[in-house]
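Tertiary structure, described
As a plain string of letters, each chain reads:
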Amino acid sequence: MFRVSGNGATCSPQNPFMLKAPVEFRSQPLRQSPRFAFRKRASAVVLIAIAVVFVGRVAWLTTVQGDRYAEAAEDNLQSLRRLEAPRGNILDRNGEPLALNRKAYSITFSRYRLSRAEVAQSLRDLGELLDEDLSGRVDEIMETRPSWTRHRLARHLTQSQVVPILERPEDFLGMRVAADFQREYPHGSAMAPVLGFLGKIQPAEVEIYTRPLYLPDAYVGRMGLEAQYEDRLVGKPGRERLRRDARGRLLADPNVEQPARPGDDLVLTIDQQLQEFAFEKLGPDKGSVVVMDVGSGEVLALVSSPSFDPERPWLSEIADQPVSYLNRSVQGGYPPASTFKLVSASAALKANLSPTETRVCRGHYELPGWGRPYWCDARSGHGPTNLHHAIQWSCNAYFYEVAHEIGGDRILAAARDFGFGDVTGIDLPGERAGALMKDGKHPNDGETLNIAIGQGALIATPLQVAVAYAALANGGELVRPRVVREIHPGDGRAAEMLPTRTNGRISLSTLERQRLIAAFYDVVNAPGGTAYRVGFEPHWEVCGKTGTAENGRGGLDAWFAAFYPRSAPRYVVITHLEEADAHGGEVAAPLARDIIAFQHGEYVEPTESDEMMLSDMLDE
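Owing to the predicted nature of the structure, the values given are computational and were not obtained by experimental measurement. (Residues numbered from 1 in each chain as written. Predicted model: local features only at pLDDT ≥ 70, side-chain atom pairs only at ≥ 80, totals over all residues. Heavy atoms only, no water.)

Summed over all chains, the structure comprises 13 aromatic pairs. A ring pair is formed by Trp-370 and Tyr-374, whose centres lie 6.4 Å apart and whose planes are at 45 degrees; its orientation type is tilted. The exposure class of Tyr-374 is buried, given its relative accessible area of 3%. Note on Tyr-398 and Phe-399: the rings are 5.5 Å apart at their centroids and 80 degrees apart in plane angle, and the pair reads as edge-to-face. (Phe/Tyr/Trp six-rings, centres within 6.5 Å; stacked < 30°, edge-to-face > 60°. Buried < 20%, exposed > 50% of the residue type's maximum accessible area, 1.4 Å probe, protein only.)

Okay, here's the thing in C-alpha cells:
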C-alpha cells in the first residue's frame, strides 16, 4: 500500500511493484529558472530579426522592385498572338492573277483550366457545327504540355462558319477564331503544272520547315513554282499583344508589336490567255505545248495534259480524265522523232557534207551486213534527195545513209552541242535531263541509224526540243528557259528583274544556219513539205518540222517544232501528242497552227466542214 509522506511515496514489502525511491513534487516559478532570462532575450532577438527582414522585404519589393513586379502583374493579363502573313501572289506577264489569297478563318483550342469532360464537350460542339468528328483529338490535347498550348482544329473556314463561335463563346470553351488565308487558283487545271499546289507539312518535314516561320500544321508549296520559290512566296508572321480580364475578355484593342510581312509576288513570263487557249485546244489528249521567246528564253506557255485541280489536287477538272502531276513539257521523256533531224543535219554539215549532194531514196536503206532494211515513210521512195529536200520531205532513207557515212559519234556530239542529254535549267523543280549515250560509249551501226531519225537510245523533253530550235532561230544561243520574269518583295522594296541567261552556243556557221532555216521554211510553205497542207498563213513565215515517233508501247507519238517569223525569228512552238496514233503533220502541226493564229489574233473556230476538208487534204 502507498503511504504518502512529506518526503514522497514508499512501497510496502507485500507489493514489489511499488516505487522504491521516494517521489518529490516541487512547485517553483519559471522565471526563477537560471535559463529563463537567456531564453527570453534570445526569443526577442529572433522576433525582432524576423520583423526587420519582413519589413525590409516589403519595403524593397514596393520601392526598389515595385516597377518590375507591377509590370509582371500586368503581364499576367496580357498574351501574344501570332499574326499570319499572306503568301505572295503569282501573276502572269500582263498582271492577271494566277495564284492569290482569299481571306479565311481558322479555329484554335486550348484546354487551359478545362476538365477532360469540358474538352470533349467543346470538341463535340465544334464538330457538330463543322459536320466533322473531332473526338479523336481529345487524348492528344489532354496529353499536351503545357496546358495552355493551342491546337489548330480547323482552317480555311468562311465567315458564316465562325460566326456562331464569335456570338456564343460560352458554348465553345477554349476556342479562338483567328484570321487565316486560303490559296486560290482562278485558272484551275490550265496553270496547275506550272504553279503546283499547297500541301500540309508532313511529320517528317517538321525539322525542315521550322518555327517561327512555319507552324507544324502549315501548308507549303508542292510542285511547280509554289515549291521552287517557297522561300520567296512564304510570308513572315507578325505578333500582337492582347489584354484580357480574369474571364478572358478583351480590355482594349490589340496592340500590333510586329506586323506580318506578306510574301514576295512573282510576275511570270507566262501569257495566261495563250496558256489557257493551248490547254483547251489540247483537250483531254495526253500531250504538251511549249511556246518560248527564242531570244530571252521567256516561256509564254508551258502546257501539260492531263492535269489536276490545284485547289483540290486529288481531283481532275475534266470528267473521266485521270489526275496527273507530271509536267510533260519539262518532265516527260520521249523519242523526239524527226524533229531531231535538225541535229543530224547539223552534224552532217559539220562533217563537210555537201548540202547539194544527193542520195537516192528507194523507200528503204540497206545497212551493209544487216539482215533487214531500214524503211522510209515513203515506201515508194523519194528518189534523188539532197539535204534540203530530206528535211522538207522528212526522208528517213537519206538520213540513214548520211548517218552511216559520218558515224554516230558525230551525231551524239552535235546533240550535246544543242543541249540534249542535260537539263535546260528552267526555274521549275524536277526537270528531266532526257537520255543520251554517255561520253566514251560508241553506238553501233544500227543504233546510229535509229538515233539519226530521233529514235532508239535517245530521249528528250519537249522543252529541250524548244531550246534546240530556238538556238537555230536566234543565231546560235542556247537560251536558258524561265517562267519568272520579276519578283516584287513583300516589304515594298524595288522589283528584282531576273536576268536572261544562256547555256552556251551551238557551233553552226551563218551559212549552215541559213541553209537549215530555208529547209524548215519549205516544210511548211512549199509543196511536198510535210506540213504544207496544214494551212499556215504565208505571212506568218513559219519554219517547222513534223515528227512521228514509235513510243515503245506499239503506238505513235506526234510532234511538231516551229519557229517564226523567218525574217526575224521571235517565237518557238513545240507541240507533242502522246499515243496519237497519227503523224505529226496530221495532229501536232494543226495544233501549232491554231496557237500561232491565236498569237496573231487571227484564230477562227473551225466549222465541222472545215475540219473534214483539212482531214481529207492530209490523207491525200
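Glancing now at the pairing of strand E12 (residues 265-268). Within a regular strand, side chains alternate between the sheet's two faces. Where strand E4 (residues 90-91) lies against E12, 2 bridges are found, and the strand directions are parallel. Across the sheet, residue Ile-90 finds its bridge partner in E12, namely Leu-266. (Pairing = 2+ DSSP bridges. Helix = DSSP H or I, 4+ residues; strand = E, 2+ residues; numbered from the N terminus.)

With that out of the way, let us pick up the sheet that holds strand E14 (residues 299-305). The 5 strands lie next to each other as E14-E13-E25-E24-E23, forming an open sheet whose pairing is antiparallel. With one partner strand each, in any of the chains shown, E14 and strand E23 (543-550) form the two edges of the open sheet. In this sheet, adjacent strand axes meet at a mean angle of 10 degrees when their direction is disregarded. One ladder, built from 8 bridges, connects E23 with strand E24 (residues 556-564); its direction is antiparallel. Its bridge partner being in E24, Thr-548 is matched across the sheet by Ala-558. With respect to the sheet, helix H9 (residues 272-282) is in contact with strand E13 (287-293), E14 and strand E25 (571-577), its orientation differing from that of E14 by roughly 30 degrees. (Axes fitted to C-alpha atoms, helices over the stretch in contact; angles between N-to-C directions. Contact = heavy atoms within 4.5 Å.)

Here the residue pair Arg-145 and Pro-146 is connected by a cis peptide bond, since its omega of -5 degrees sits within 30 degrees of zero. Inspection of the secondary structure puts Pro-146 in the loop between helix H4 (138-143) and strand E6 (151-157). Backbone torsion omega between Tyr-564 and Pro-565 reads -15 degrees, so that peptide bond is classified as cis. Checked against the element boundaries, Pro-565 lands in the loop between E24 and E25. Phi is positive for Asp-581, close to 50 degrees, though the residue is something other than glycine. Checked against the element boundaries, Asp-581 lands in the loop between E25 and helix H18 (584-599).

Counting through the fold element by element, Glu-205 comes out in the loop between strand E8 (197-200) and strand E9 (219-222). Excluding residues that lie within four positions of it along the chain, Glu-205 makes contacts with Lys-200 and Arg-222.

Core analysis: the largest hydrophobic core is formed by 124 residues, its most contacted members being Phe-420 and Phe-536. The leading source of residues in this core is helix H16 (residues 462-474), at 10 residues. Counting 20 residues, the second largest nonpolar core, distinct from the first, contains Tyr-105, Ile-107, Val-138 and Ile-141. (Core = buried A, V, L, I, M, F, W, Y, C linked by side-chain atoms within 4.5 Å.)

With that settled, consider the pattern of salt bridges. Under the criterion given, the structure shown has 31 salt bridges. Glu-226 is paired through a salt bridge with Arg-87; the nearest N and O atoms lie 2.9 Å apart. Remark: Arg-87 occurs in the loop between strand E3 (78-83) and E4 and Glu-226 occurs in helix H7 (residues 224-228); sequence separation between them is 139 residues. With a relative accessible area of 0%, Glu-226 lands in the buried category. Judged by its relative accessible area of 10%, Arg-87 is buried. Put simply, Arg-168 and Asp-171 hold a salt bridge, and the shortest N to O gap is 3.0 Å. Arg-168 gets classed as partly exposed once you look at its relative accessible area, which sits at 35%. Look at Asp-171 and you get partly exposed, because its relative accessible area is 34%. (Salt bridge = Lys/Arg side-chain N within 4 Å of Asp/Glu carboxyl O.)

Take the state of the cysteines next. Within this structure, the stated rule accounts for 0 disulfides. Cys-395 provides the cysteine sulfur closest to Cys-361, a residue in no disulfide bond, and the two sulfurs are 3.5 Å apart. Residue class for Cys-361 comes out buried when judged on its relative accessible area of 4%. Relative accessible area serves as the criterion here: at 0%, Cys-395 is assigned to the buried category. (Disulfide = S-S within 2.5 Å.)

It is worth spelling out the confidence of the model for the protein at this point. Averaged over every residue, the pLDDT of the protein is 89; residues scoring 70 or more account for 87%. Within the model, pLDDT remains below 50 along residues 1-11, and this stretch shows 23 contacts once partners closer than five positions in the same chain are excluded. Here residues 16-20 scores under 50 on pLDDT; set against residues more than four positions off or in separate chains, the count is 7 contacts. (pLDDT = per-residue confidence, 0-100.)

Here we come to H18. Over its 16 residues, H18 extends 21 Å from the first C-alpha to the last, a length consistent with the 22 Å expected when each residue adds 1.5 Å. Counting buried positions over the 16 residues of H18 gives 12, a clear majority of the element. Phi turns positive one or two residues past the end of H18, at Gly-601, with a value near 70 degrees. (Expected span 1.5 Å × (residues − 1).)

Further remarks concern a nonpolar patch on the surface. On the surface, Trp-314, Leu-315, Val-323 and Tyr-325 cluster together to form a nonpolar patch covering roughly 390 Å² of accessible area. Tracing the chain through its elements places Val-323 in the loop between E14 and helix H10 (328-331). (Patch = residues over 30% accessible without salt bridge, like charges linked within 9 Å, V, L, I, M, F, W, Y side chains within 5 Å. Areas by Shrake-Rupley, 256 points an atom, 1.4 Å probe, with all protein chains shown as cover.)

This paragraph deals with the pairing of E23. In terms of burial, E23 is largely enclosed, as 6 of its 8 residues are buried. Count of turn residues in the E23/E24 antiparallel hairpin: 5 residues, of which Gly-552 carries a positive phi of about 85 degrees.

Its 15 residues place the ends of helix H3 (residues 116-130) 21 Å apart at the C-alpha level, agreeing with the 21 Å of an ideal helix rising 1.5 Å per residue. All buried positions along H3 are accounted for by Val-119, Ser-122, Leu-123, Leu-126, Gly-127 and Leu-130. One side of H3 holds all its buried residues, which, seen down the axis, span an arc of 135 degrees. Residues of H3 that are exposed and point over 90 degrees away from its buried face: Ala-117 and Glu-128. If you follow the buried residues of H3, they end up packed against strand E5 (97-109), H4, E6, helix H5 (159-167) and strand E7 (175-184). Trailing H3 by a residue or two, Asp-131 shows a phi angle of about 55 degrees, which is positive. (Arc of directions from axis to C-beta.)

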